[in-house]
Structure formats: structure tokens, C-alpha cells
Amino acid sequence: MVRIDGIAVAAKVMEETRIRIAALAKRGITPGLAVVLVGDDPASRAYVRSKDRKAAELGLHSVKKELSADTTQAELLAVVAELNADPSIHGILVQSPPPPQIDEAEIVKAIDPRKDVDGFHPVNVAKLAMEDPTGFVPCTPLGCIRLLIEAGIETAGRKAVVVGRSMIVGKPMALLLMKRGLGGDATVTVAHSRTRDLAAVTREADIVIAAIGRPNFLGADHIREGAVVIDVGINRIEDPSTPKGYRLVGDVDYDAVADKCAAITPVPGGVGPMTIAMLMSNCVSAAERLNA
Ligand code: GUN
């Protein structure tokens, strides 16, 4: 069994990104990333903090906007409009999920698609579906494809099952796997909460992408011998024996399936670091394109 090392691959992506940042610096351009957090969900707060920290580490112009949980739709739209108009900002990210009074789809549509480094704007979703490379692709699925490529896992002609149909992971993941070219050309099935006999579906897969958001949900019954497993889940489960009182587990029961797999990503240290690395790369792409 190969343990796919997301920390090592993320470091490689960061190194490539540093070279591109240096090239922009020679032209007097510093990529700027704005990360907006509404409310105080602890997991979202932790993600936003690490995005901001990574951006600063790379020497990006990093702006973190933390808005109170009772922020109105109009107030958030005003923040987005201000960031759209700010020439020092090339990438804008509004952390998902926002509090219930916020209409997330409307916020996403308000972001300038050229600054939509999350790839959530309808223009970018359409570009991905149309295989138009000028769009932005959501960071987590982009990171999963890069992990498959770096691990030398063939996707062409193979059966991939994506478990989960979210706009952030499941849908773009399926589009990327079926896309023509390296890391694509797979035969893709999307399973979700209404799928009948999920285990029978996932057992058919050469490659399983787990993006369900439920701790240890896929077990030995779901994975066939020799399959490749990419675990997108980052779930906090209570563990009083740890200093924080919780630990992180994936959507896949790692210990139950690891011996059966040809390759698997751990949690933490698999997909998580890739998401941030791809975000940095997307932000630098935005700065390059806006200054082309
Ligand atoms: N919440 C979980 N993943 C993501 C992501 O990639 N982008 C944003 N904006 N919110 C998220």
C-alpha cells in the first residue's frame, strides 16, 4: 500500500508557485489574496487562518476580513464589491459555509469571475464543464487530481466513483476526472446520499474519491482490493485524550481499508495541504492573468 503524501506534493506545488511569484515580483506585481470569514465557526476559522498564514509565508499581499456572525447580505455584498474594485487584490475567497441569513449563491455571483480563485462563480463552473482552461477550478478537486498525477496513478479508461455531489468538491471532481488529458479520461460515477447500495457502487471503482463529510463513513465493504482511495473528508471527532479534545479523521475508515488499497491519502496530511497549495497557485494565476 502506498500512502500518498499530500504534504510533500503540496510543498512541490508551493515551490512552483514561488518561482511564478518571483517572476511577477520582477515586474513589480505582488499577488493579493483576500479571505473573508463571516461568523465564528471554529473549523472555518482554522481554515481561514492557515490560508492567510500560507499566503503571507509566500510573500503575497494577504488580507483577512473577519465579519461578525450577524453580518447582513448587503454588508457582505459591499465587502465583495470593494474587493472587486481593489487593484491590489487578485483573488477573493468567501469561506463556506456562511451563516444562514447569507444567500451564498448570490455572493458567489457577485465576485468578479477573474478574481474567483475558488472557481465557484457560474462563469468558472461553465468553463470547467466546457474544458476552457481560462477559468478557475475549485482548489480541493484540483489538488486531488494533482495527487493522482504525482502518485503516478493512471486515470484514463479507469472507473472512478466520486462519493458526494457538492459544488465545492463532488461536481467539479467528476468534471475533472472525465476531462480529456492527464489526470482525466476516467469513466466517472457520482454517488450521493440517495444512492442505492452505495457499497456495491464503490466496490466497482478503481479510484474512489470520498467527499461526503461523515467521519469514517466508507469501510472495508466499500473498497475493492487494489483500489486507490482519495479521502477529502476532514471531520473533527471528540477525543478527550488529545490536548484539543478532538482529532481529525477522514470520510474513509483508514485502518479498515489501508491494507486493501493500492494507494490511499491519510487524514491529516493528504488532501488538506493540497487545497491550500492550489489556492495559492490559483491566486498567482489570477495575478498573472489580470496583468497579461
Ligand atoms: N469551505 C470548505 N472548502 C472550501 C473552499 O475550498 N473554499 C471556500 N471558500 N470555502 C470552503
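The model shown is predicted, which means the values in this text are computed figures rather than measured ones.

Moving on: unusual backbone geometry. Cis peptide bonds are those with omega within 30 degrees of zero, and the linkage from Ser-96 to Pro-97 qualifies with 0°. Here Pro-97 is to be found in the loop between β4 (91-94) and α4 (104-110). Across the junction of Val-267 and Pro-268, the peptide omega takes the value -5°, indicating a cis bond. Checked against the element boundaries, Pro-268 lands in the loop between β11 (263-264) and α10 (271-290). The phi torsion at Asp-185 lies on the positive side, around 60°, for a residue other than glycine. Tracing the backbone through its elements, the reader meets Asp-185 in the loop between α7 (170-178) and β6 (187-191). Residue classification places Asp-185 among the partly exposed positions, given a relative accessible area of 34%.

Looking now at the packing of helix α1 (residues 6-26) against helix α6 (residues 139-150). To characterise two packed helices, one gives the angle between the axes of the helices and the distance between these axes. Where α1 meets α6, the axes come as close as 10 Å, and the angle between the chain directions of the two elements is 105°. On the basis of their axis angle, the class for α1 and α6 is roughly perpendicular. Residue-level inspection shows Gly-6, Val-9, Lys-12, Val-13 and Glu-16 of α1 in contact with α6, the latter providing Arg-146, Leu-147 and Glu-150. Here the residues of the contact of α1 with α6 sort into three nonpolar, one polar and four charged.

Over its twelve residues, α6 runs 16 Å from end to end, which matches the ideal 16 Å to within 8%, given 1.5 Å per residue. In terms of burial, α6 is largely enclosed, as nine of its twelve residues are buried. Residues Cys-139, Thr-140, Pro-141, Gly-143, Cys-144, Ile-145, Arg-146, Leu-147 and Leu-148 constitute the buried set of α6. Tucked into the core, α6 has its buried residues touching α1, α7, β7 (207-210), β8 (228-231) and α10.

Here strand β5 (residues 159-163) pairs with β6 via five bridges, running parallel. In the sheet register, Ala-160 faces β6, and the bridge partner there is Val-188.

With parallel pairing, three strands are arranged side by side in an open sheet as β3-β2-β4. The two strands at the open ends of the sheet, each matched to only one other strand, are β3 (61-67) and β4. In this sheet, adjacent strand axes meet at a mean angle of 15° when their direction is disregarded. Alignment of strand β2 (residues 32-38) against β3, held across seven bridges, turns out to be parallel. Bridging across to β3, Val-35 finds its partner in Lys-64. Lying over the sheet, helix α2 (residues 42-57) contacts β2, β3 and β4, oriented at roughly 160° with respect to β3.

This part takes up the nonpolar core. In terms of nonpolar packing, the biggest core is built from 52 residues, with Leu-33, Leu-60, Leu-177, Ile-209 and Met-280 touching the most fellow members. Apart from the residues lying within four places of it in its own chain, the contact partners of Ile-209 are Val-161, Val-162, Val-163, Met-173, Leu-177, Ile-230 and Val-232.

Conventions and cut-offs
Residues numbered from 1 in each chain as written. Predicted model: local features only at pLDDT ≥ 70, side-chain atom pairs only at ≥ 80, totals over all residues. Heavy atoms only, no water. Helix = DSSP H or I, 4+ residues; strand = E, 2+ residues; numbered from the N terminus. Buried < 20%, exposed > 50% of the residue type's maximum accessible area, 1.4 Å probe, protein only. Axes fitted to C-alpha atoms, helices over the stretch in contact; angles between N-to-C directions. Parallel < 35°, antiparallel > 145°, perpendicular 65-115°, else oblique. Contact = heavy atoms within 4.5 Å. Nonpolar A, V, L, I, M, F, W, Y, C, P; charged D, E, K, R; others polar. Expected span 1.5 Å × (residues − 1). Pairing = 2+ DSSP bridges. Core = buried A, V, L, I, M, F, W, Y, C linked by side-chain atoms within 4.5 Å.

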